[in-house]
Amino acid sequence: NYPTELLDILLFMKKLFLIVAMALITSFASAQITFEQFNQINFKVTPQQLTEQLLSKGFVQNNSGVITGQINNIDVEISFTLSENGVINQMQVTELQALEVENFNQRVREVVGMIDESGKDINLQKDSPQPGKARVILIYR
């Protein structure tokens, strides 16, 4: 019976290892960043430097170059414009979920409160991807 007990122990250890590995992978895959942490990212850099900063915070970049991630559990997409010297001069953070008008207005109030607390130069814009719905866009300058 000794080999059977050893086999049972090895199978248990394998299952335990797989559970731990899956837990680690899941925690890395669901990496979140808060609004405060996001505001600590320096965006007055080259596109490559900004992308590296965002990737290190759990954002992902698809094959088309679109950078997506989550800030305070809200799915966002990040784009930017460059100055003449190749440094980013404006970063746009678009919340991907289109909200009904009432929810949009509430979200704008929340975002304005966060902006006021951060002291950053952030402007808000509205995007209407479909009638009766809107998305919040934060413009960092």
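Residues numbered from 1 in each chain as written. Predicted model: local features only at pLDDT ≥ 70, side-chain atom pairs only at ≥ 80, totals over all residues. Heavy atoms only, no water.

1. Focus: the pattern of salt bridges
Scanning all chains against the criterion turns up four salt bridges. Residues E110 and R107 are paired through a salt bridge, measuring 3.1 Å at the closest nitrogen-oxygen approach. In this pair, E110 and R107 are both assigned in helix 4 (residues 101-118), three residues apart and thus about one turn of the helix distant. According to the relative accessible area criterion, E110 is partly exposed, its value standing at 38%. Between D127 and R135 there is a salt bridge, and its shortest N-O distance comes to 2.4 Å. Relative accessible area serves as the criterion here: at 22%, D127 is assigned to the partly exposed category. (Salt bridge = Lys/Arg side-chain N within 4 Å of Asp/Glu carboxyl O. Helix = DSSP H or I, 4+ residues; strand = E, 2+ residues; numbered from the N terminus. Buried < 20%, exposed > 50% of the residue type's maximum accessible area, 1.4 Å probe, protein only.)

2. Topic: helix 4
If you check helix 4, its first and last C-alpha atoms are 26 Å apart, about what 18 residues at 1.5 Å a residue would give, namely 26 Å. The secondary structure elements touched by the buried residues of helix 4 are helix 2 (35-39), strand 3 (74-82), strand 4 (88-95), strand 5 (99-100), strand 6 (122-127) and strand 7 (133-140). (Expected span 1.5 Å × (residues − 1). Contact = heavy atoms within 4.5 Å.)

3. Some thoughts on the confidence of the model for the chain
Reading fine detail from the predicted coordinates is not recommended where pLDDT is low. Per-residue pLDDT for the chain has a mean of 86; in total, 89% of the residues score no lower than 70. The least confident element of the chain, judged by mean pLDDT, is helix 1 (residues 2-29) at 71; the most confident is strand 4 at 95. (pLDDT = per-residue confidence, 0-100.)

4. Some thoughts on the nonpolar core
F38, F59, V93, L138 and Y140 are the most contacted members of the largest nonpolar core, which has 26 residues in total. At the level of elements, helix 2, helix 3 (47-56), strand 2 (67-71), strand 3, strand 4, helix 4 and strand 7 are the ones that each hand at least two residues to this core. Residues within four places of L138 in sequence aside, it is in contact with F35, M91, Q92, V93, E95, V111, I115, I122, N123 and L124. (Core = buried A, V, L, I, M, F, W, Y, C linked by side-chain atoms within 4.5 Å.)

5. What about unusual backbone geometry?
Most peptide bonds adopt trans geometry, and most residues besides glycine take a negative phi value. One non-glycine residue with positive phi stands out, namely N72, at about 50°. Examined against the element boundaries, N72 turns out to sit in the loop between strand 2 and strand 3. Unusually for a residue other than glycine, N73 sits at a positive phi of about 65°. Take N73: it is sitting in the loop between strand 2 and strand 3.

6. With respect to the environment of L55
Mapping L55 onto the fold places it in helix 3. A relative accessible area of 39% means that L55 is categorised as partly exposed. With twelve residues separating them along the chain, L55 and I67 place their C-alpha atoms 8.6 Å apart. Those residues in contact with L55 that sit more than four places away from it in its chain are V60 and Q61.

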